[in-house]
Amino acid sequence: MIRTPLRPLARILEARAKGENPDAIERENIRIRHEQMRDRARKRAEGRLLVLGVMFTCAFAVIGGRMGVLAHSEPAEPRTSVAGAQILAQRADIVDRKGRILATNFETHSLYAQPPQMIEPERAARELAKIFPDLKEERLLKDFTGKRKFLWVKKKLSPEQKQAVHDIGEPGLLFGPREMRLYPNGKLAAHVLGGASFGREGVHAAEVIGVAGIEKFFDERLRNPALGHKPLELSLDLSVQAATEQVLHGGMSLMNAKGAAAVLMDVKTGEVISIASLPDFDPNDRPRPPTTGNPSDSPLFNRAVQGVYELGSTFKIFAVAQAMELGLVSPETMIDTKGPLRWGKYRIRDFRNYGSELSTTKVIVKSSNIGTARIAQMIGATRQQQFLESLGFFEPTPLEIVEAEGGKPLLPPNWSELSTMTISYGHGLSSSPLHLAAGYATLANGGNRVVPTLLKQEGPATGPRVLSRASAQKSLTMLRKVVSEGTASFGEVPGYAVGGKTGTADKPKERGGGYYDDKVIATFASVFPAHDPKYVLVVTLDEPVETSGDEPRRTAGWTAVPVAAEIIRRIAPLLGLRPEIEPGELAGITLTSN
């Protein structure tokens, strides 16, 4: 901007030449400059007033429009909201092999309170204590009349409870929608499913997360929105699982056992058709883990997977099968059973005197510790370790539940010749019933390693070969004779040709120092039908005692075997197995010429 001088020299000189007053020129220029400044200030003020007027017009238009919308909308109760990421509550269903629901989602409501909005906190506390007996009126009143502005009252409500709270009519008691995990079958397959709980929580939603079992193992898959429409299919059969648990519970009571476990596996696919552990719990109301005492006393403890026990004589068939595979013995080979068998200061004895020698088959049928130990001496420690490792007895089973990692077998620190002998008949190595079931499934399917799984399979899973088919078949023949002629005679189920092996092991003391004299782990590992194996069933009872006779009986033949037989009798038809006549053994045929 060019600024005009107040006393321009040209005009001053001209005014002096004419005799005029030069100061008049300066006063005139000052007047003109002030008028220009006034005009600019007025234009600036008019522009600001125009902008302010437009802004007020827009603001009033927005307010008027919002008031118009509210005037035509339905009244709604204000809700508390929390800023943050959206909580995804949807979780995929879990179903059994036939598509029947094991775990699903259920729409429910939570109850929370905003004390500043409460009108009658005393009455609200009193009525809530009547609806929810586990809530204390005094505590509620303290919370409602204190400084808190928000508190949870109940995370889950039934429809009846919600209606009862609604009838109180207290505006400070509010409901929030949410999903919860529902197990419609209650305790059934509780240790497999595990349970779920709430993770991140908001007023209008809650994150459902797995806390145990298969719910936790597949937590990411079950929470994946892309797979929410596709249920997780398990290998379990709901009907078979229910029958197994029912019979096992009855057997546990009749045999006065502290606990029980059962595993049913398909020998071709490794699918776990049913797996039970007692005592159990309801995953809809999962108890808290114990903080004191022995963990195995808790209903949360899965005896079938986490429980590692010395499983006794059920291991004998592994020693004999390996010896036959190595060509060291045949079913007819005579084994020295004179006793007791001495190794240093230790003595190995049989349950009763079986004479000076038995055939390999009779060693299994009679369950001779001495005979099995002598066979193990032929095998040797190194080869025994390799064989048991190939059967999976050195690592936890890769079952799809988080608890499986805790079921690692207990091995001897120094695998001596004595360890080799005692392990051959099930002492000195502790494993879970699931390990045992997988080992027997390997024998039953012809010698191929079987890996247990809880997921439904499309067909047989052929693992690495551990035994030849011939050795596996000879082992099955011996197991069948254990039931038809030996220690498991109560395991006979007409029409289903059960084969198996009993095992009774003294229970070790919790704090070391030897074994109990009157406490055992009784196990029966069975295969059926023995001539065409399809399933393996392992039943284990913790501290059983059968008291129907004059003296208490604790051996597996009197305790675990009858329970397993009843389970097979109940579940075989559910598995689609028809009773059939067992094929007889072919007599030797000698060809002669005419």
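Rules behind the numbers
Residues numbered from 1 in each chain as written. Predicted model: local features only at pLDDT ≥ 70, side-chain atom pairs only at ≥ 80, totals over all residues. Heavy atoms only, no water. 1 Å grid on protein atoms, 1.4 Å probe; cavity = no way out; pocket = protein on both sides within 12 Å on 5 of 7 lines; lining within 4 Å. Points joined across faces, edges and corners; volume = space filled by probe spheres on them. Helix = DSSP H or I, 4+ residues; strand = E, 2+ residues; numbered from the N terminus. Salt bridge = Lys/Arg side-chain N within 4 Å of Asp/Glu carboxyl O. Buried < 20%, exposed > 50% of the residue type's maximum accessible area, 1.4 Å probe, protein only. Axes fitted to C-alpha atoms, helices over the stretch in contact; angles between N-to-C directions. Parallel < 35°, antiparallel > 145°, perpendicular 65-115°, else oblique. Left-handed = near helix turned anticlockwise from the far one by under 90°. Contact = heavy atoms within 4.5 Å. Core = buried A, V, L, I, M, F, W, Y, C linked by side-chain atoms within 4.5 Å. Phe/Tyr/Trp six-rings, centres within 6.5 Å; stacked < 30°, edge-to-face > 60°. Lys NZ or Arg CZ within 6 Å of the ring centre and 35° of its normal. Pairing = 2+ DSSP bridges. Nonpolar A, V, L, I, M, F, W, Y, C, P; charged D, E, K, R; others polar.

S.K.: How do you make sense of the layout of surface pockets when you look at a structure like this?
M.R.: Where empty space is left becomes clear once a probe the size of a water molecule has been rolled over the atoms. The computed volume of the largest pocket comes to approximately 1,100 Å³. Along the wall of the largest pocket there are 39 residues; nearest its centre are Phe351, Ser367, Thr504, Thr555 and Ala556. Looking at the lining of the largest pocket, the elements that each hand over two or more residues are α11 (360-366), β14 (499-508) and β15 (515-528). Here the lining of the largest pocket gets six residues from one element, more than from any other, and that element is β14.

S.K.: I'm lost on the pattern of salt bridges in this one. Help?
M.R.: Should their charged atoms come close, side chains of opposite charge can pair. Counted under the stated rule, the structure contains 29 salt bridges. Among the salt bridges present, the one from Lys130 reaches Glu127, with a minimum N-O distance of 3.8 Å. With Lys130 and Glu127 both in helix α3 (residues 121-131) and three residues apart, the pair spans about one turn of that helix. The exposed category is assigned to Lys130, whose relative accessible area is 57%. A salt bridge links Lys507 to Asp542; its shortest N-O distance comes to 2.8 Å. Pair noted here: Lys507 is in strand β14 and Asp542 is in strand β16 (residues 535-542), with a separation of 35 residues, a long-range link. Three or more residues are tied together by salt bridges with common partners; here these are Arg91, Arg181, Glu207, Glu215, Asp219 and Arg223.

S.K.: Please explain the packing of helix α12 (residues 369-379) against helix α14 (residues 417-424) as it appears in this structure.
M.R.: A packed helix pair is summarised by two numbers, namely the angle formed by the two axes and the spacing between the axes. Between α12 and α14, the shortest axis-to-axis distance is 8 Å and the interhelical angle comes to 130°. As the angle between them shows, α12 and α14 are arranged oblique. Note that α12 runs across α14; the crossing there is right-handed. In this structure, α12 contributes Thr372, Ala373, Ala376 and Gln377 to the contact, and α14 contributes Glu417, Thr420, Met421 and Ser424.

S.K.: Quick question: what am I supposed to make of the nonpolar core here?
M.R.: Soluble, globular proteins show a tendency: their nonpolar side chains are buried together. If you look at the biggest cluster of nonpolar residues, it comprises 110 residues, and the most contacted ones within it are Ile275, Phe318 and Phe528. A total of nine residues in this core trace back to one element, the largest contributor, which is helix α17 (residues 560-574). Membership of the second largest hydrophobic core comes to 17 residues, among which are Met118, Phe132, Leu135 and Val153.

S.K.: Quick question: what am I supposed to make of the packing of aromatic side chains here?
M.R.: For any pair of aromatic rings, geometry is given as the distance between the ring centres together with the angle between the planes. One pass over the full model with this rule turns up 12 aromatic pairs. Relative to Trp152, the ring of Tyr112 has its centre 6.1 Å away and its plane inclined at 75°; by these criteria the two rings are edge-to-face. Here the residue Tyr112 occupies a position in strand β2 (residues 101-113), and Trp152 occupies one in strand β3 (residues 151-157), the gap between them amounting to 40 residues. Exposure remark for Tyr112: the relative accessible area of 0% places this residue in the buried category. Among the residues examined, Trp152 registers a relative accessible area of 26% and is labelled partly exposed. With centroids separated by 5.5 Å and ring planes inclined at 85°, the aromatic side chains of Phe315 and Phe318 adopt a geometry described as edge-to-face. As far as burial versus exposure is concerned, Phe315 and Phe318 are alike and both buried. Taken together, the ring pairs in this structure connect Phe315, Phe318, Phe393 and Tyr440 into an aromatic cluster. The ring centre of Phe175 lies 5.6 Å from the NZ or CZ of Lys162, which sits over that ring. The residue whose ring lies beneath Arg553 is Trp558, and the NZ or CZ to ring-centre distance is 3.7 Å.

S.K.: Can you walk me through the pairing of strand β4 (residues 173-182) in this structure?
M.R.: Look at any regular strand and the pattern is simple: side chains alternate between the two faces of the sheet. Within β4, eight of the 10 residues are buried, which leaves the element mostly enclosed by the surrounding structure. One ladder, built from 10 bridges, connects β2 with β4; its direction is antiparallel. Note on β4: the bridge partner recorded for Phe106 is Met180.

S.K.: Would you take a moment to explain empty space enclosed by the protein for this structure?
M.R.: Tallied over the full model, the rule gives two cavities of 30 Å³ or more. By volume, the largest cavity amounts to about 80 Å³. In terms of lining residues, the largest cavity is bounded by Phe315, Phe318, Ala319, Gln322, Ala376, Ile379, Gln384, Phe387, Leu388, Thr420, Ile423 and Ser424. Looking at the lining of the largest cavity, the elements that each hand over two or more residues are α10 (316-325), α12, α13 (381-390) and α14. Partitioning the lining of the largest cavity into residue classes produces eight nonpolar, four polar and no charged. There is about 50 Å³ of room inside the second largest cavity. Together, Lys187, Ala189, Ala190, His191, Val192, Gln241, Glu245, Ile275, Ala276, Ser277 and Asp280 line the second largest cavity. Considered class by class, the residues forming the lining of the second largest cavity number five nonpolar, three polar and three charged.

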